[in-house]
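If you want the building blocks of each chain, they are given just below.
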Amino acid sequence: MNNILRLDLHNIAANYGARRVLQQITLTLRQCETLVISGVNGSGKSTLLRLLSGLQQPASGTIHYHYQGTCYTPRQAMHLLGWVAPDLALYRELTGRENLRFFAAVRGLQRNDTQLDELLARVGLAGRGDDRVACYSSGMTHRLRYAYALLHDPPVLLLDEPTVTLDESGVAMVTRVVEMQRTFGITVIATNDVRELCFGDYVLTLDTA
Amino acid sequence: MPFSLPMLFSAAWSVFAKDLLSELRTRYALNAMLLFAASTAVAVSLGAQFLGTRRDDETFLLQSALLWIALLFAALNGLSRSFVQEEETRTALALRLATPPIAVYLGKLLFNLVLLLALDVVTSLLFMIFVRVQVENTGLFISLLAAGSLCLTTATTILAAIIAKASFKSALFAVVAFPLLIPPLIIVIQGTALALAGAPWVDGLLHLRTLLSYAVATFVTSLLLFGFVWEA
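Rules used in this analysis
- Residues numbered from 1 in each chain as written.
- Chains lettered and ligands numbered in written order.
- Predicted model: local features only at pLDDT ≥ 70, side-chain atom pairs only at ≥ 80, totals over all residues.
- Heavy atoms only, no water.
- Salt bridge = Lys/Arg side-chain N within 4 Å of Asp/Glu carboxyl O.
- Helix = DSSP H or I, 4+ residues; strand = E, 2+ residues; numbered from the N terminus.
- Pairing = 2+ DSSP bridges.
- Axes fitted to C-alpha atoms, helices over the stretch in contact; angles between N-to-C directions.
- Contact = heavy atoms within 4.5 Å.
- 1 Å grid on protein atoms, 1.4 Å probe; cavity = no way out; pocket = protein on both sides within 12 Å on 5 of 7 lines; lining within 4 Å.
- Points joined across faces, edges and corners; volume = space filled by probe spheres on them.
- Nonpolar A, V, L, I, M, F, W, Y, C, P; charged D, E, K, R; others polar.
- Buried area = accessible area lost by both parts, 1.4 Å probe.
- Polar contact = N/O pair within 3.5 Å; in protein donor to acceptor, adjacent residues only side chain to side chain.
- Core = buried A, V, L, I, M, F, W, Y, C linked by side-chain atoms within 4.5 Å.
- Buried < 20%, exposed > 50% of the residue type's maximum accessible area, 1.4 Å probe, protein only.

### Some words on the pattern of salt bridges
And step 1. All chains considered together, the criterion is met by 20 salt bridges over all chains.
And step 2. The closest approach of N and O atoms between R97 of chain A and D117 of chain A, which form a salt bridge, is 2.9 Å. With a gap of 20 residues between them, R97 of chain A in helix α2 (residues 96-106) and D117 of chain A in helix α3 (residues 113-122) connect regions that are remote in the sequence.
And step 3. R97 of chain A serves as the salt-bridge partner of D130 of chain A, at 2.3 Å between the closest nitrogen and oxygen. Note that D130 of chain A is positioned in the loop between α3 and α4 (138-150) and R97 of chain A in helix α2, a separation of 33 residues in sequence.
And step 4. Sharing partners across several salt bridges, the network here consists of K18, D19, E86 and K108 of chain B.

### Some details on the sheet that holds strand β4 (residues 60-67) of chain A
Through backbone hydrogen bonds, the strands of a sheet pair up, either in parallel or in antiparallel fashion.
Residues and elements named next belong to chain A.
And step 1. An order of β2-β1-β4-β5 is seen for the four strands of this open sheet, with the pairing classed as antiparallel. In this open sheet, the two strands that pair with only one neighbour each are β2 (19-30) and β5 (70-72). Between one strand and the next, the sheet's axes are offset by a mean angle of 20 degrees, whatever the strand orientation.
And step 2. Here strand β1 (residues 5-16) pairs with β4 via seven bridges, running antiparallel. Looking at the pairing, D8 lines up with H64 of β4.
And step 3. Strands in contact with helix α1 (residues 45-53) are β1, β2 and β4; relative to β1, the strand with the most contacts, it is inclined by about 125 degrees.

### Describing the layout of surface pockets
And step 1. Each pocket or cavity is described by its volume, and for the largest pocket that value is around 220 Å³.
And step 2. Taken together, 14 residues form the lining of the largest pocket, with R50 of chain A together with E87, L93, R96 and A232 of chain B sitting closest to its centre.
And step 3. It is helix α5 (residues 92-98) of chain B that provides the largest number of residues to the lining of the largest pocket, a total of three residues.
And step 4. Per-class residue counts for the lining of the largest pocket are four nonpolar, two polar and eight charged.

### As for the interface of chain A and chain B
And step 1. Listed as interface residues are 25 residues of chain A and, on the opposing side, 25 residues of chain B.
And step 2. Roughly 2300 Å² of surface becomes buried between chain A and chain B when both sides are summed, with 63% attributable to carbon and sulfur atoms.
And step 3. On the chain A side of the contact with chain B, M78, Y91 and V106 of chain A bury the most area, a combined 25% of that side's loss.
And step 4. Here chain A and chain B share three salt bridges between them.
And step 5. Our count for the chain A to chain B interface comes out at nine residue pairs in polar contact (both at pLDDT 80 or more).
And step 6. Every element with two or more residues in the side of chain A that touches chain B is listed here: α1 and α2 of chain A.
And step 7. Of all the elements, α2 of chain A adds the most residues to the side of chain A that touches chain B, at five residues.

### Here we look at empty space enclosed by the protein
Residue and element names in this part refer to chain B.
And step 1. For the structure shown, the criterion picks out one cavity of 30 Å³ or more.
And step 2. Computed from the structure, the largest cavity encloses a volume of approximately 170 Å³.
And step 3. Listing elements by their share of the lining of the largest cavity, those giving two or more residues are α1 (5-26), α4 (81-88) and α6 (101-131).
And step 4. Broken down by element, the lining of the largest cavity gets its largest block of residues, five residues, from α1.
And step 5. For the lining of the largest cavity, the residue count by class is four nonpolar, six polar and eight charged.

### Some remarks on the nonpolar core
And step 1. Counting residues in each nonpolar core, the largest one holds 141 residues, and the members touching the most others are Y65, F103 and V188 of chain A.
And step 2. Of the residues forming this core, the biggest block, 13 residues, is contributed by helix α7 (residues 138-163) of chain B.

### Some thoughts on the environment of N15 of chain A
Residues and elements named next belong to chain A.
And step 1. Along the chain, N15 turns up in strand β1.
And step 2. The class of N15 is partly exposed, set by a relative accessible area of 29%.
And step 3. Spatially, the C-alpha atoms of N15 and R97 are 38 Å apart, while their sequence positions differ by 82 residues.
And step 4. For N15, the residues in contact, after removing those within four places along its chain, are R20, V21, Q56 and A59.
And step 5. Polar side-chain contacts of N15 include one of 2.9 Å to the side chain of R20.

### Comments concerning the sheet that holds strand β7 (residues 156-160) of chain A
Residues and elements named next belong to chain A.
And step 1. As summarised here, the arrangement of the five strands in space is β6-β7-β8-β3-β9, forming an open sheet in which the pairing is parallel. Either end of the sheet is taken by a strand with one partner, and the two such strands are β6 (81-84) and β9 (202-206). In this sheet, neighbouring strand axes are inclined to one another by 15 degrees on average, regardless of whether the strands run parallel or antiparallel.
And step 2. Bridge count between β6 and β7: four bridges; the pairing is parallel. Bridging across to β7, G82 finds its partner in L157.
And step 3. Against the sheet, α4 touches β6 and β7, its axis set at about 170 degrees to β6.
And step 4. Running over the sheet, helix α5 (residues 168-182) touches β3 (34-39), β7 and β8 (186-190) and is turned about 150 degrees from β7.

Bear in mind that shape data such as this cannot, by itself, settle questions of function.
Dropping the structure here:
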């Protein structure tokens, strides 16, 4: 079972202009494992997640996802990845359900309204699917980001500041999502919150030195 | 999971439908384009009333040039919106993670084309009413409007994707688009003047063929470039 899904990082480095924010990161994660990345502001936590999602290219090194016998680079692996981050924005002029319907369609997924409503209920947005995202609070918007990330049941979940702006029930929702992901996939969490360190099987601490 | 061709087209259609729905709700581009087209038609009708009464080759060329200037500037006002808005509202990240670049490009191209064709209809009608432009060869006129709009759309869509990541987007869009749009504009202005004068189809075919060749060339180049632009 542990050979179905694997994430390999080899000697990863990342720069912002002349400044190097990450260097010499080599690790392997396997199915059912969770990695928590912690560190001070500016240490490169979010950057590492962006590298893993393919939104940014490393200055050097390689990242590969191995899934069901096939090797993917992050940019080839978008069907495997679910990404939640504070800077992930959804369409404010559309309703929550319209957003999910759109992202399901562009992913080539068949999702009816019942399934979308179930997903909205799972993230704590039951009954709010017909409201425009512009009318959502910051916590509700963050919950919708989880619905966006979970829409295609991704085997790899990348969570940047997973509980930021969420209330108690939101934190419980995130805990359920991470626990569920632990049963079949890989989770990588970038956080400054010490309460979230317990999510990880491994903790990678970055510093600015 | 590689996207098959039908999945790609389906995703492109979804991008188009989403952009259309967003535009109908926000009217960011539509209002600016229609206002520009209407104010140009009214200004021309008040400032150059002789254009509606004279029927000679120079007048046809002037009417045609004014119509395309109105369309060009209205287009430059609105066609960059779909990409600029994705970057400004930061929704581009969610889109980038969900669907292949080609689907985004095709969806945005179709949206811009539909927007420009709607603008063509409104602007032409306004020119017919306010400037009293008479079209003698309607079929050729419509074909040239469609071919000219296709050229504007293929060229400006890829440019909009490029400038969406820059500062001073509006100014940059016009500056970068202008030299690229000069060749098809010259051809479409001359061709439209022929249609207004009632020239037969055979006289306008060379213009149509040149415009379609330009559109195909910019479309193919855009298809090859867009992936690099979108993921940069």
